[in-house]
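# Analysis of the macromolecular model
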Amino acid sequence: MKVLVLGGDGFCGWPCAVNLAEAGHDVVIVDNLSRRKIDIDLGVESLTPIATIHDRLRAWEQVGGRAMSFVHLDIAREYDRLLDLLRSERPEAIVHFAEQRAAPYSMKSSATKRYTVDNNVNGTHNLLAAIVDSGLDVHIVHLGTMGVYGYGSHRGATIPEGYLTVEVPQPDGTCFTEKILHPTDPGSVYHMTKTLDQLLFFYYNKNDAIRVTDLHQGIVWGTNTDLTQRDPRLTNRFDYDGDYGTVLNRFLMQAAIGYPLTVHGTGGQTRAFIHIRDSVRCVQLALEHPPEPGEKVKIFNQMTESHQVGELARKVAALTDSQINYLPNPRKEAIENDLIVDNRCFIELGLKPTTLDDGLLAEVVDVARRWADRCDRSKIPCLSAWTQRQAEAIKAFA
Ligand SMILES: NC(=O)c1ccc[n+]([C@@H]2O[C@H](COP(=O)([O-])OP(=O)(O)OC[C@H]3O[C@@H](n4cnc5c(N)ncnc54)[C@H](O)[C@@H]3O)[C@@H](O)[C@H]2O)c1
């Protein structure tokens with residue numbers, strides 16, 4: 001099948017693209033390379049050395065992978081080129097990773113808030129409008145986030161896969177039941193863009209019968225898949241800085257360089273996680289099980305386990321004999337939350353999760369320790385504050 005992978009040069013997109021090529025699909029990577037540019041602006045680099053997109057593609061062909069092509073295109077700003085691309089490539093499916101994905105980066109300043117909204121909401125809307133203009137029947141697989149459900153208390157309720165069945169009271173005292181989109185509760189401007197994406201999908205699915213699978217993904221940990229390990233030029237990125245580094249990968253890197261593990265707040269925040277290998281597998285499963293024509297947006301919770309941040313820090317500290325440092329929380333969020341998640345859709349489709357217990361130590365030894373000397377310690381602190389109040393708390397602590 002012809003698949004466009006939007007954002008295919010990124011952390012989740014690159015291993016996904018090579019996996020789809022390996023599975024025999026005809027892959028076109030579309031990316032504006034904005035993530036690499038943000039690294040330059042922030043003065044940081046991936047812990048792992050990453051090759052240019054052109055070297056990645058050459059390396060992939062040299063190790064015997066099915067050739068992929070690359071189109072340098074900004075989906076949020078180059079509508080006509082995006083539409084021309086759809087008309088010339090006529091893809092059957094599009095995997096959409098192409099968004100600004102860091103909550104802390106989105107909260108850095110009004111400029112990064114506006115950039116995140118412009119980029120993410122326009123990009124998703126351009127894609128939907130271009131599919132309508134092209135007249136093609138394309139299945140979109142979009143990477144959303146578990147964060148759309150919010151990280152407040154769900155009072156022990158299990159978070160369903162996207163839709164909630166509610167009872168609506170009638171004036172005559174009776175009730176009818178309805179399945180509605182689960183209410184959203186974004187915790188950052190980034191998360192807010194993902195909740196807006198959901199509404200865009202809902203609308204275009206209803207109005208234009210666009211087929212969409214929205215993957216509400218947990219925090220991705222790990223770095224490589226078997227395929228990206230085939231050649232050093234295929235290596236995936238590993239972000240550890242205060243804006244883009246995700247919590248578990250940061251702990252692993254901190255443990256590798258003997259830096260006390262940074263827990264912000266009490267550590268009682270519960271989050272959902274998934275290994276990069278499983279993320280890649282889930283996207284393939286979603287592509288292979290598209291919604292039927294006329295079916296409403298399919299929503300899967302793409303996560304395999306939930307953990308409290310403090311519990312994760314203790315796990316990594318015990319494995320690596322590290323210290324833990326409790327710091328003021330730059331985020332405005334609940335001190336503690338529950339998170340019980342229904343993820344049956346992927347398990348029923350055959351996903352065999354990589355658990356933390358299987359993969360953690362290998363990740364510390366193979367990746368974080370191997371590249372520890374590339375780490376710039378000055379980039380580790382999380383300095384993007386959600387409000388002035390959090391900014392002052394961080395300043396007072398420094
Ligand atoms: N990494 C995670 O833990 C995680 C968790 C949940 C959801 N997600 C979602 O998965 C998707 C991919 O995340 P990632 O970690 O790979 O991020 P990433 O920043 O590494 O990759 C995103 C890619 O999209 C490209 N891009 C951004 N805006 C673009 C535009 N307007 N036009 C073309 N290309 C553009 C970037 O250059 C980059 O290569 C995001 O939508 C993110 O919200 C990621």
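In case you missed it, the structure is sitting above this.
Residues numbered from 1 in each chain as written. Predicted model: local features only at pLDDT ≥ 70, side-chain atom pairs only at ≥ 80, totals over all residues. Heavy atoms only, no water.

## Some points on the packing of helix α8 (residues 247-257) against helix α10 (residues 309-320)
Heads up, the rule is: Note on method: axes are straight lines fitted to C-alpha atoms, helices fitted across the in-contact stretch only, with angles between N-to-C directions ranging 0 to 180 degrees. The helix count covers DSSP runs of H or I at least four residues long, the strand count covers runs of E at least two residues long, and both are numbered beginning at the N terminus. Oblique is the label for every angle not falling under 35 degrees (roughly parallel), over 145 degrees (roughly antiparallel), or within 65 to 115 degrees (roughly perpendicular). Two helices crossing with the near one rotated counterclockwise from the far one by less than a right angle form a left-handed crossing, whereas a clockwise rotation gives a right-handed crossing. Whether two residues touch is decided by their heavy atoms; if any such pair falls within 4.5 Å, the residues are in contact.
Where α8 meets α10, the closest approach of the two axes is 10 Å, and the angle between their N-to-C directions is 25°. One element, α8, and the other, α10, form an angle in the roughly parallel class. Once α8 is placed against α10, the crossing between them reads as right-handed. In this structure, α8 uses V247, L248, F251, L252 and A255 to contact α10, whose residues at the interface are V309, L312, A313, V316 and T320.

## Structural notes on the pairing of strand β12 (residues 270-275)
Under the convention used in this document: Residue burial is assigned from relative accessible area. The probe radius is 1.4 Å, only protein chains are included, and a residue is buried under 20% of its type maximum, exposed over 50%, and partly exposed in between. For two strands to pair, DSSP has to find at least two bridges joining them.
By the criterion of burial, β12 is predominantly enclosed, with six of the six residues buried. The alternating pattern of β12 places T270, A272 and I274 and R271, F273 and H275 on opposite faces, both of which are buried. With four bridges connecting them, β12 and strand β14 (residues 305-308) associate as antiparallel partners. Counterpart to F273 in the pairing with β14 is E305.

## Here we look at the sheet that holds strand β9 (residues 211-217)
On the basis of which strands lie adjacent, the open sheet formed by seven strands has the order β3-β2-β1-β4-β5-β9-β13 and parallel pairing. With partners counted over all chains shown, the strands left at the sheet margins are β3 (69-72) and β13 (298-302), one partner each. Each adjacent strand pair in this sheet contributes to an overall mean axis angle of 20°, direction not counted. Bridge count for strand β2 (residues 26-31) against β3 is four bridges, and the pairing is parallel. Its bridge partner being in β3, V30 is matched across the sheet by V71. Of the strands in this sheet, β1 (2-6), β4 (93-96), β5 (139-145), β9 and β13 are in contact with helix α9 (residues 276-288), which crosses β5 at around 145°.

## With respect to the sheet that holds β12
Sheet architecture is open: three strands sit in the order β10-β12-β14, paired in mixed fashion. A single partner strand is all that each edge strand has here, and the edge strands are β10 (219-221) and β14. Within the sheet, the average angular offset between the axes of one strand and its neighbour, ignoring direction, is 45°. Contacting β10, β12 and β14, helix α12 (residues 356-369) crosses the sheet at an angle of about 55° to β10.

## Looking at the site of the ligand
Filter applied, for reference: Here a residue is near a molecule or strand as soon as one of its heavy atoms is found within 4 Å of it. N or O atoms within 3.5 Å of each other form a polar contact, as long as, within protein, one can give a hydrogen and the other can take it, and as long as residues adjacent in sequence are counted only when both atoms are side-chain atoms. The Shrake-Rupley method, run with a 1.4 Å probe, gives the accessible areas here. Residue values count only the displayed protein chains as cover.
Taken together, 29 residues are adjacent to the ligand, and C12, D31, N119, Y190 and K194 come closest. Backbone polar atom of S34 to an oxygen atom of the ligand: 3.1 Å apart, as the coordinates give it. Here an oxygen atom of the ligand sits 3.0 Å away from a polar atom, N or O, in the main chain of R35. In isolation the ligand exposes 820 Å². Once the protein is present, 97% of that is buried.

## Some points on empty space enclosed by the protein
As a reminder, the rule being used: In this analysis a 1.4 Å probe is tested at points of a 1 Å grid over the protein atoms alone, and where it fits but cannot get out there is a cavity; an open set with protein on both sides within 12 Å along at least five of seven lines is a pocket; lining residues have an atom within 4 Å of a point. Grid points are joined across faces, edges and corners, and a volume is the space filled by probe spheres set on the points. Charged means Asp, Glu, Lys or Arg here, nonpolar means Ala, Val, Leu, Ile, Met, Phe, Trp, Tyr, Cys or Pro, and polar covers whatever is left, Gly included.
Enumeration over the complete set of coordinates arrives at three cavities of 30 Å³ or more. A volume near 40 Å³ is recorded for the second largest cavity. For the lining of the second largest cavity, the per-class residue count stands at three nonpolar, two polar and three charged.

## Section: a nonpolar patch on the surface
This is how it is decided: In this scheme, patches are assembled from residues that exceed 30% relative accessible area and form no salt bridge. Like charges are connected within 9 Å, while nonpolar side chains (Val, Leu, Ile, Met, Phe, Trp, Tyr) are connected within 5 Å. Salt bridges, as used here, are contacts in which a Lys or Arg side-chain nitrogen is within 4 Å of a carboxyl oxygen on Asp or Glu.
Taken together, the side chains of M192, L196, L199 and F202 define a hydrophobic patch exposed on the protein surface, amounting to about 330 Å² of accessible area. Relative to the assigned elements, L196 resides in helix α7 (residues 189-208). Accessibility expressed as a relative area gives 31% for L196, which makes it partly exposed.

## A short note on the pattern of salt bridges
Per the counting criterion, the structure on display carries 20 salt bridges. Here R81 ties to E78 by a salt bridge, and the two come within 3.0 Å at their closest N and O atoms. The exposure class assigned to R81 is partly exposed, which follows from its relative accessible area of 38%. Close ionic contact of K108 with D243 constitutes a salt bridge, the shortest N to O distance being 2.7 Å. Within this pair, whereas K108 is found in the loop between α5 (103-106) and α6 (110-134), its partner D243 is found in the loop between β10 and α8, the two being separated by 135 residues in sequence. On the basis of relative accessibility, which here comes to 8%, the residue D243 falls in the buried class. One salt-bridge network, in which partners are shared between bridges, spans R35, D39, R101, R237 and D239.

## A look at the layout of surface pockets
If you add up the space inside the largest pocket, you get close to 390 Å³. No other element matches the five residues that α12 contributes to the lining of the largest pocket. Grouping the amino acids of the lining of the largest pocket by side-chain chemistry returns five nonpolar, nine polar and seven charged.

## Observations concerning the nonpolar core
Let me state the cut-off plainly: Grouping buried Ala, Val, Leu, Ile, Met, Phe, Trp, Tyr and Cys residues that are joined through side-chain atoms within 4.5 Å yields what is termed a nonpolar core.
Formed by 39 residues in total, the largest nonpolar core has its most connected members in L6, V30, I94, I131 and I140. Ranked by the residues each element gives to this core, the list is headed by α6, at six residues. What V30 contacts, discounting residues up to four positions off in sequence, is V5, L6, G7, G8, V71, L73, I75 and L85. Judged by nonpolar contacts, the second largest core, of 38 residues, contains W14, A17, F70 and A93.

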